Amino acid sequence: MSTERAAKQPLHTVEVDQSGKIEQTNTDTVLAFANGISYSIRIPARIKRSAFAYLRGHHPEVQERKMLPLRMFAAGLYLLFRSHLACLGVIRIDVEYVGREADIKALLLRLIWRDLPSFDANRIVFHHVGKGSSAHAVAAEVAKSRRIADEIISLDTLLRAL
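Residues numbered from 1 in each chain as written. Predicted model: local features only at pLDDT ≥ 70, side-chain atom pairs only at ≥ 80, totals over all residues. Heavy atoms only, no water.

A few words on the overall build of the chain. For the chain, the count of helices and strands is six helices and six strands. Taken over the C-alpha atoms alone, the chain extends approximately 50 × 35 × 30 Å along its principal axes. Looking at the chain residue by residue over its 162 residues, the buried ones come to 44%. Counting only contacts in the chain whose residues sit at least 6 apart along the sequence, the fraction spanning at least 24 positions is 68%. (Helix = DSSP H or I, 4+ residues; strand = E, 2+ residues; numbered from the N terminus. Buried < 20%, exposed > 50% of the residue type's maximum accessible area, 1.4 Å probe, protein only. Contact = heavy atoms within 4.5 Å.)

A word on the packing of aromatic side chains. In total, this model carries three aromatic pairs according to the counting rule given. Aromatic pair Phe33 and Tyr39: ring centres 6.2 Å apart, planes at 25°, arrangement stacked. When sorted by exposure, Phe33 lands in the same class as Tyr39, which is buried. Put simply, the rings of Phe33, Tyr39 and Phe81 touch in pairs and so form one group of aromatic residues. Over the face of the ring belonging to Tyr97 we find Lys21, whose NZ or CZ atom lies 4.4 Å from the ring centre. Above the ring of Tyr78, the side-chain terminus of Arg114 is found at 5.9 Å from the ring centroid. (Phe/Tyr/Trp six-rings, centres within 6.5 Å; stacked < 30°, edge-to-face > 60°. Lys NZ or Arg CZ within 6 Å of the ring centre and 35° of its normal.)

Leu77, Phe81, Ile93, Leu108 and Leu158 are the most contacted members of the largest nonpolar core, which has 41 residues in total. At the level of elements, β1 (12–19), β2 (29–34), β3 (38–43), α2 (45–58), α3 (62–81), β4 (88–93), α4 (101–115) and α6 (155–161) are the ones that each hand at least two residues to this core. Of all the elements, α3 adds the most residues to this core, at 12 residues. Look past the residues within four positions of Ile93 in its chain and what remains in contact with it is Val16, Phe73, Leu77, Phe81, Leu108, Ile124, Val125, Phe126 and His127. Counting residues in each nonpolar core, the second largest holds eight residues, with Val30, Ala32, Ala34 and Ala139 among its members. (Core = buried A, V, L, I, M, F, W, Y, C linked by side-chain atoms within 4.5 Å.)

Here the focus is the pairing of β4. A regular strand places its side chains so that they alternate between the two faces of the sheet. In this sheet, β4 lies alongside β1 in parallel orientation, the contact comprising four bridges. Bridge pairing in β4 places Glu15 opposite Arg92. Pairing between β4 and strand β5 (residues 124–126): three bridges, direction parallel. Directly across from Ile91, in β5, lies its bridge partner Ile124. The handedness of the β4 to β5 crossover, carried by α4, is right-handed. (Pairing = 2+ DSSP bridges. Right-handed = clockwise from strand over helix to strand, strands pointing away.)

A complete count under the given rule lists six salt bridges for this structure. A salt bridge links Lys21 to Glu96; the nearest nitrogen and oxygen atoms lie 3.9 Å apart. You can see Lys21 sitting in the loop between β1 and β2 and its partner Glu96 sitting in the loop between β4 and α4, a full 75 residues away along the chain. Exposure remark for Lys21: the relative accessible area of 25% places this residue in the partly exposed category. (Salt bridge = Lys/Arg side-chain N within 4 Å of Asp/Glu carboxyl O.)

Right, let's get into unusual backbone geometry. Of note in this structure, Asn35 is not a glycine but carries a positive phi near 145°. Here Asn35 shows up in the loop between β2 and β3. Take Asn35: its relative accessible area is 41%, and that puts it in the partly exposed class. A positive phi angle, close to 60°, is found at Ser145, a residue other than glycine.

The next thing to look at is helix α5 (residues 134–143). Those residues of α5 that fall on the buried side of the exposure criterion are Ala135, Val138, Ala139, Ala140 and Val142. Where α5 is buried, its residues meet β1, β2 and β3. One side-chain oxygen at the N-terminal end of α5 lies 3.0 Å from the backbone nitrogen of Ala135; it belongs to Ser133. Of the residues trailing α5, Ser145 is marked for its positive phi of about 60°. (Polar contact = N/O pair within 3.5 Å; in protein donor to acceptor, adjacent residues only side chain to side chain.)

Structure follows, in structure tokens:
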């Protein structure tokens, strides 16, 4: 495929869902996007526990501790998208932390802009992703081990994103 044709390929509008809340350290977290294309990551429970312990040790102030789940969620989203940003158009993220969407978006954009400074912030939106969503289906299948995650996140990878 020529570079000119590749540049004209339409961007995918995808939905994003989570299975296993990021702050629930007794279960793995799966993040997935889908809609024409799909990708999923698994963050094992032991990795989340280690990352939270590391962050609590480095951010003892109470206000910052309240942000830790949001920072971890944004880092997970970044790790989910990082190698697909060029082909993703609108990214519709399920509302997981009601009222904190602006905080999550700001944290996520800070990570994305390190790699892709021209990324348009308007491409990220939050809305409720229902159980009928293909992103929900992918996340649930990976969480139930009916499908293999495309990537298992290591502690080193997660900490670098944080």
